[in-house]
Each structure stands twice: as structure tokens, then as C-alpha cells.
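# Coordinate inspection notes
Next come the chains, spelled out residue by residue.
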Amino acid sequence: MEASSRKPFSQIPLASLGGSPHRFSRMAILRFAFVFWIALTASASAQWKWNVINHDGRRFVSIEDIAGFYKMSRTVVDGGGFRLSAQGSSIEGRANARDLKINGVKYVLCFPMVSRGGQTLISAMDVTKIIEPVLRPQKIPNATSVRTVVLDPGHGGHDSGAVGPLGREKDMALDVALRAKRLLEARGFQVRLTRAIDTFIPLEGRSAFANRMSNAVMVSIHFNKSKTSGGTGIETYCLAPRGVPSMDEENLSYSDLKQHPGHARDPENIALATAVHAAMVRRIPLPDRGIKRARFHVIRATSIPSILVEGGFMNHSSDSRMIATASYRQRIAEAIVSGVTRFQSAVNGVPQYQKPTAFVSATDPTSIPSLTHDVGEADQAVSQAVRTAGESLASSP
């Protein structure tokens, strides 16, 4: 039987397996039992055995475990650093630091890496909430195709946002949104704007508007301002997972433990942030301040995948000069479009490999270190073994 004509075991009429509809030959039963045993053994052996280490009340895994799971080689870098690499991909970091680079793109981790017993450890939270969805976005559960993009130009009306010597944040954000809208529509996306003119929209209204959309993502567009004029660069925010401090805070607060609508989209949020931020890094000649975590209202109260981008500092001398030019704002718009397109391809299993990127293969399609004890793995393995055995028998002459 040719591969193109094979059907899953559950779709094959019993009569097609040979004999009467209600009887199987002894040979068929023995063959099924043999293939079932082989498939079950293979399924059990394929599961990666993570060595989860408890440290200060949190679960950690070693760099060696991560390298083994994602089929990456490990190199020690002077000064206590490390580099994991596979063809076209790399992860770089340093013990006791909170910054991690994946193919040159900077991430601010949920918790600092630690050094223990000669090993560098990364929290299981960071493996689950950052590394796994970034490296394997096609395995994000229940991710759907994107048809609609909600663009949220920050501020508006009486709220000017950050004001610099060459302009106001609300105007620059709206201009980027209108540019991105035209580009996205040219690619076949439906686009909805939280505001299309210079008007004030409350934060609650922005998230409520986005939540009415299906098969959609949201990008909130902003520009930064520092207390001094020294702040420079681009950064992207997505919702901090439950139990993770916001931004650069070290200690948890009560609000960090609350469940928000956006938490249901944690894997998609970080994957979308990766795609858009990487596109910005490729196009914009400003320092990469990284992908960070926060609990801004527009990303915590939004139930579709959502991120917030900061396109530079309004009060920095070189940043502000670039932001004031139409060509720079066009680059940000193009980065948003490129990122959304790459995100859609990635979660649908068709990643587009452009530098910097962050997609590698791993040894096993499901096994990642959990934040709690794994449950149901045995039942899943048995179910998979039954399917494998059945499909093998169905394809036999």
C-alpha cells in the first residue's frame, strides 16, 4: 500500500484487516501485540530524563540537561559563561546573571541563573516559559492561525505620553500603527486599531476591544523616556508569568501571584515577542535592551496573545532624532509585520529561518521540565503506542 493511501487505524473498517468483520487471525493479534510492545518501549525510552534540582524553593535544571535535550553542544566561556550551539542556533549566558541571549536576542529571565556544585542552573520556570516556546513554537498547544492583528498606539488625546525635544509619543505611536496597518492589510491580515485618531482611550477599553477579536494577536506600540537623558535602545514586553516578579524587581509581591487573562497565552506571548523583537533588532540600529516581563494592563487583561514594544527613547539625543524621521518609523512598522508573519508561520510549524532566529529541534516532542510533578505521562505513552501499533498493522500487506 502506498504511503499516500494509508489511513489511521481508527478509520480503517475492520473487514479491511483481513477475515470477517468480527474476527482477527491469531497471527494478526500476535503481530499487534509485538508492534504495541515495541512502540510502548520506544515511547518510554524517548522521554528525556531531566535532573530537576531544588534550590531556594525553586526547581532548576542544568545547562548540560538543556544542551542534551535540544541537541546542542556546550562550550565554556571565560569568566564563568557558557555557550550552547547547534547549526545556526545558540544560547549564551552566565551564572548568577539574569540575561540570556538566544541567537543574539536578549531575554531577561524570570529568575537569575545560579551556580551550584560546578553546574550552571536555569529555573524550570524559564525553561518552560521562555526557552521551550521560543525554540519550539510549533509545539505550543492550541495555538491558532492569525487572521486579525490589533494595533494599539499608546496614549492619545490629553495623554501625550513621553515628550521629547522632537515630538510626542502619542503621535509617533499612531504613525507607526497606521504604517503597519497598510503593510499588514497588503499581506492579507485584517487589522483593527484601538484608536485611529488623536483621541484618549482608557486602558480597560483597549483590552476589552482586543478581547472581542478571535484568531488575533495584539501589538501595543510605545516609545520610552528615562528619568535622565541616558536611556537608549529598544525593548519588548510580554506578561510576566504568575509567580514571577515584574521587570527588574527581585522580590515577589501579592500582585505577582494573581491570575490574569493573559496568563492563558504565556507561551504564545513570548513567541510573539521573540518574532517581533528579533525583527526590530535586525532593522533598528539601537541597543537591544531585551525581551522583558511586566504586568501592564494592556497585556495582562488581554486574552489574545499580546506584547508591548518600546521603539526608543524620546528624550535621548540620537534615539529622538531617529524616531522623528519617517524612515525610522517605517522600519518599526516593517518589523511588526515581519514579526507577526513569522509568528504565524512558527506556531503553524513552518518557521522562517532568518537571522537572528531561535528555532532548533529537540530529541523529544513533549518532554520538558515541569513546574510541578508530571502526571499522565504513562497514559499518554500507552495511547501513543496503541496508535503506532495500529497504524503499522494497517499499512501491512
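Presented here is an overview of the structure given in this document. (Residues numbered from 1 in each chain as written. Predicted model: local features only at pLDDT ≥ 70, side-chain atom pairs only at ≥ 80, totals over all residues. Heavy atoms only, no water.)

## Some remarks on the side chain of Glu169
Under the convention used in this document: Secondary structure follows DSSP: runs of H or I at least 4 residues long count as helices, runs of E at least 2 residues long count as strands, and numbering of each begins at the N terminus. Exposed residues in this analysis have more than 50% of their type's maximum accessible area, buried residues have under 20%, and partly exposed residues fall in between, with area computed by a 1.4 Å probe over protein chains only. Charge counting treats Lys and Arg as positive and Asp and Glu as negative, with His and both chain ends excluded. Here, a salt bridge means any Lys or Arg side-chain nitrogen found within 4 Å of an Asp or Glu carboxyl oxygen. Under this definition, polar contacts are N or O atom pairs within 3.5 Å; protein pairs additionally need one hydrogen-donor-capable and one acceptor-capable atom, and for neighbouring residues in sequence, both atoms have to be side-chain atoms.
Within the fold, Glu169 resides in helix α4 (residues 169-186). We note that Glu169 is buried and unpaired, the nearest opposite charge coming from Arg195 at a distance of 8.3 Å. Side chain to side chain, Glu169 and His222 meet in a polar contact 3.1 Å long.

## Some thoughts on the sheet that holds strand β9 (residues 119-123)
Spelled out, the test is: Two strands form a pair only when DSSP identifies at least two bridges running between them. To get an axis, a line is fitted to the C-alpha atoms, and for a helix only the part in contact is used. The angle between two axes follows their N-to-C directions and goes from 0 to 180 degrees. Here a residue-residue contact requires only that any non-hydrogen atoms of the pair lie within 4.5 Å.
An order of β1-β2-β9-β8 is seen for the four strands of this open sheet, with the pairing classed as antiparallel. Looking along the sheet, the strands with just one partner apiece sit at the ends: β1 (53-55) and β8 (114-116). Neighbour-to-neighbour, the strand axes of the sheet open up by a mean angle of 50°, direction not taken into account. Contacts between helix α3 (residues 124-135) and the sheet are confined to β2 (58-62) and β9, with β9 contributing the most and set at about 60° to the helix.

## Notes on the packing of α3 against helix α6 (residues 266-283)
Put simply, the rule reads: When describing relative orientation, an angle under 35 degrees is termed roughly parallel and one over 145 degrees roughly antiparallel, while 65 to 115 degrees is termed roughly perpendicular and anything else oblique. Crossings are assigned a handedness: left-handed for a near helix turned anticlockwise from the far helix by less than a right angle, right-handed for a clockwise turn. Note on residue categories: nonpolar means Ala, Val, Leu, Ile, Met, Phe, Trp, Tyr, Cys or Pro, charged means Asp, Glu, Lys or Arg, and polar means any other residue, Gly included.
Where α3 contacts α6, the two axes come as close as 9 Å, and the packing angle between them is 60°. Classified by the interaxial angle, the pair formed by α3 and α6 is oblique. Crossing geometry of α3 relative to α6 is assigned as right-handed. In this structure, α3 uses Lys129, Ile130, Pro133 and Val134 to contact α6, whose residues at the interface are Asp266, Pro267, Ile270, Ala271 and Thr274. In terms of residue class, the contact of α3 with α6 is made up of six nonpolar, one polar and two charged.

## Side note on the packing of aromatic side chains
How we decide: Stacked, tilted and edge-to-face are the three classes assigned to paired rings of Phe, Tyr and Trp, where Trp is represented by its six-membered ring and a pair needs centres within 6.5 Å; plane angles under 30 degrees give stacked, over 60 edge-to-face, the rest tilted.
Tallied over the full model, the rule gives three aromatic pairs. Judged by centre distance (4.7 Å) and plane angle (85°), the rings of Phe69 and Tyr70 are edge-to-face. Ring centres of Tyr237 and Phe296 lie 5.1 Å apart, and the angle between their planes is 70°; on these two criteria the pair is classed as edge-to-face. You can see Tyr237 sitting in strand β15 (residues 234-239) and its partner Phe296 sitting in the loop between β16 (288-294) and α7 (297-300), a full 59 residues away along the chain. A relative accessible area of 6% means that Tyr237 is categorised as buried. Feature note: the residues Trp50, Phe69 and Tyr70 constitute an aromatic cluster, connected by ring pairs.

## Topic: the pattern of salt bridges
Summed over all chains, the structure comprises 15 salt bridges. With its nearest N and O atoms 2.6 Å apart, the salt bridge here joins Arg329 to Asp175. You can see Arg329 sitting in helix α9 (residues 326-347) and its partner Asp175 sitting in helix α4, a full 154 residues away along the chain. Take Arg329: its relative accessible area is 10%, and that puts it in the buried class. One salt bridge connects Asp256 with Arg295, and the closest N-O pair in it is separated by 2.8 Å. Note that Asp256 is positioned in the loop between β15 and α6 and Arg295 in the loop between β16 and α7, a separation of 39 residues in sequence. Of the two residues examined, Asp256 and Arg295, each falls in the buried class. Taken together, the shared-partner salt bridges in this structure form one network comprising Asp175, Arg179 and Arg329.

## Observations concerning the environment of Ser255
Here Ser255 shows up in the loop between β15 and α6. Placed ten residues apart in sequence, Ser255 and Pro245 show a C-alpha to C-alpha distance of 9.2 Å. Excluding residues that lie within four positions of it along the chain, Ser255 makes contacts with His260 and Arg295.

## Focus: the packing of α4 against α9
Orientation of α4 relative to α9, taken along the N-to-C sense of each, is 50°, at an axis distance of 8 Å. For the element pair α4 / α9, the angle class is oblique. When the axes of α4 and α9 are compared, the crossing they make is right-handed. Contacts between α4 and α9 involve Met172, Asp175, Val176, Arg179, Ala180, Leu183 and Leu184 from the first element and Ala326, Arg329, Gln330, Ile332, Ala333, Glu334, Ile336 and Val337 from the second. Of the residues belonging to the contact of α4 with α9, the class tally is ten nonpolar, one polar and four charged.

## As for the nonpolar core
Our working definition: We call a set of buried residues a nonpolar core when its members are Ala, Val, Leu, Ile, Met, Phe, Trp, Tyr or Cys and they connect through side-chain atoms within 4.5 Å of each other.
Ile66, Leu100, Ile122, Leu151 and Ile336 are the most contacted members of the largest nonpolar core, which totals 73 residues. Ile122 has contacts with Phe60, Val61, Ile63, Ile66, Phe82, Leu100, Met113, Val127 and Ile131, leaving out every residue within four places of it along the chain. In this structure, Met213, Ala216, Met218 and Ala294 belong to the second largest nonpolar core, which totals twelve residues.

## So, the side chain of Ser123
Tracing the backbone shows Ser123 in strand β9. Residue class for Ser123 comes out buried when judged on its relative accessible area of 1%. At 2.7 Å, the side chain of Ser123 forms a polar contact with the side chain of Asp126. Among residues more than four places away in sequence, those in contact with Ser123 are Arg59, Phe60 and Phe111.

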